[in-house]
Amino acid sequence: MVGMNKKLFILLGVFVAAYLYWFFAVKPDYSKIAFVLPSSQRVSSPYYYKKDGDFFLADDLRKGLEKLGYQVSYRFREDYDNMKLGNIGNVIYFKGYYDFEHLPGYKKDKRKRVLYLYYVEGLFKDIFNEVDVVTSSSYKIIDELVKPAGAKAVYVPQFTN
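What counts and how
- Residues numbered from 1 in each chain as written.
- Predicted model: local features only at pLDDT ≥ 70, side-chain atom pairs only at ≥ 80, totals over all residues.
- Heavy atoms only, no water.
- Helix = DSSP H or I, 4+ residues; strand = E, 2+ residues; numbered from the N terminus.
- Buried < 20%, exposed > 50% of the residue type's maximum accessible area, 1.4 Å probe, protein only.
- Contact = heavy atoms within 4.5 Å.
- Areas by Shrake-Rupley, 256 points an atom, 1.4 Å probe, with all protein chains shown as cover.
- 1 Å grid on protein atoms, 1.4 Å probe; cavity = no way out; pocket = protein on both sides within 12 Å on 5 of 7 lines; lining within 4 Å.
- Points joined across faces, edges and corners; volume = space filled by probe spheres on them.
- Nonpolar A, V, L, I, M, F, W, Y, C, P; charged D, E, K, R; others polar.
- Expected span 1.5 Å × (residues − 1).
- Polar contact = N/O pair within 3.5 Å; in protein donor to acceptor, adjacent residues only side chain to side chain.
- Core = buried A, V, L, I, M, F, W, Y, C linked by side-chain atoms within 4.5 Å.
- Lys, Arg positive; Asp, Glu negative; His and termini not counted.
- Salt bridge = Lys/Arg side-chain N within 4 Å of Asp/Glu carboxyl O.

On to the overall build of the protein, then. In terms of helices and strands, the protein carries three helices and six strands. Going residue by residue from the N terminus, the α and β elements of the protein occur as α-β-α-β-β-β-β-α-β. A total of 161 residues make up the protein; the buried ones form 38% of that total. When contacts within the protein are restricted to residue pairs at least 6 apart in sequence, those whose partners lie at least 24 apart make up 50%. In the form shown here, the protein has an accessible surface area of approximately 10200 Å², with 58% of it arising from carbon and sulfur atoms.

Right under this line is the structure:
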């Protein structure tokens, strides 16, 4: 019986140590930003990012953010089901023509999440509850959709990097 208690105590200690390591080692780095795009990396896709307006919008914003010292990386629609974010502290979801009911890769964690809203067709307003702020280059979208839903909104003009 004493040997069993000792093994249980050691096992519990290992779990506590692993949790503490995960808690402190996976601290979000807020100088890193992931852009989650509705575009595809596949050349065969009709949504191929090098032909897609969402990518050009994101790339312009990336240039401006990198001038401010942020590190920006991209995630594409192929990543939605298995989004690997590592220690990235900020995630910006670009709401283009692709409809998603919930944010791809969304988990309740310490990351800051932004929904960049510029295409409202197929928008599920519950998504507003999954982000810290909604940005748009349209005052009309902000005033008629975002604010009435109770979400925090910020106007951000497009292509101003």
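Back to the text.
Once that is clear, we can look at the layout of surface pockets. To locate leftover empty space, one rolls a probe as large as a water molecule over the atoms. Roughly 270 Å³ of internal volume is contained in the second largest pocket. Around the second largest pocket sit 16 residues that line it, and Leu65, Ile92, Val114, Val133 and Thr135 are the ones nearest its centre. Counting only elements with at least two residues in the lining of the second largest pocket, the list comes to α2 (53-67), β3 (88-95), β4 (112-117) and β5 (133-136). Ranked by the residues each element gives to the lining of the second largest pocket, the list is headed by β4, at four residues. Its residues assigned to classes, the lining of the second largest pocket shows eleven nonpolar, two polar and three charged.

To continue, consider α2. In this model α2 runs 22 Å from its N-terminal to its C-terminal C-alpha over 15 residues, within 8% of the 21 Å that 1.5 Å per residue would give. Considered for burial, the residues of α2 that qualify are Asp54, Phe55, Leu57, Ala58, Asp59, Asp60, Arg62, Gly64 and Leu65. The secondary structure elements touched by the buried residues of α2 are β1 (29-36), β2 (71-75), β3 and β4. For α2, the N-terminal capping position is held by aspartate 52, with its side-chain oxygen 3.2 Å away from the main-chain nitrogen of aspartate 54.

So, about the nonpolar core. For soluble globular proteins, nonpolar side chains are generally found buried alongside one another. Ranked by size, the top nonpolar core spans 21 residues in total, and within it Leu103, Leu115, Leu117, Phe128, Val134 and Val146 carry the most contacts. Contributions of two or more residues to this core are made by β1, β3, β4 and α3 (139-146).

Moving on, we come to the side chain of aspartate 52. The residue aspartate 52 is located in the loop between β1 and α2 in this model. Buried charge without a partner: aspartate 52 forms no salt bridge, and the closest opposite charge is arginine 77, 7.1 Å away. Here the side chain of aspartate 52 touches serine 39 through a polar contact of 2.6 Å, side chain to side chain.

A separate point is the pattern of salt bridges. One pass over the full model with this rule turns up six salt bridges. A salt bridge links arginine 42 to glutamate 78; the shortest N-O distance between them is 3.8 Å. Linking arginine 42 in the loop between β1 and α2 with glutamate 78 in the loop between β2 and β3, this pair joins segments that are 36 residues apart in sequence. A residue is classified by how much of its surface remains accessible, and arginine 42, at 52% relative accessible area, is exposed. Close ionic contact of arginine 62 with glutamate 66 constitutes a salt bridge, the shortest N to O distance being 2.6 Å. Residue arginine 62 and its partner glutamate 66 are located together in helix α2, separated by four residues, close to a single helical turn. Classification of arginine 62 by relative accessible area gives buried; the value is 17%. Overlapping salt bridges bring together Asp59, Arg62 and Glu66 as one network.

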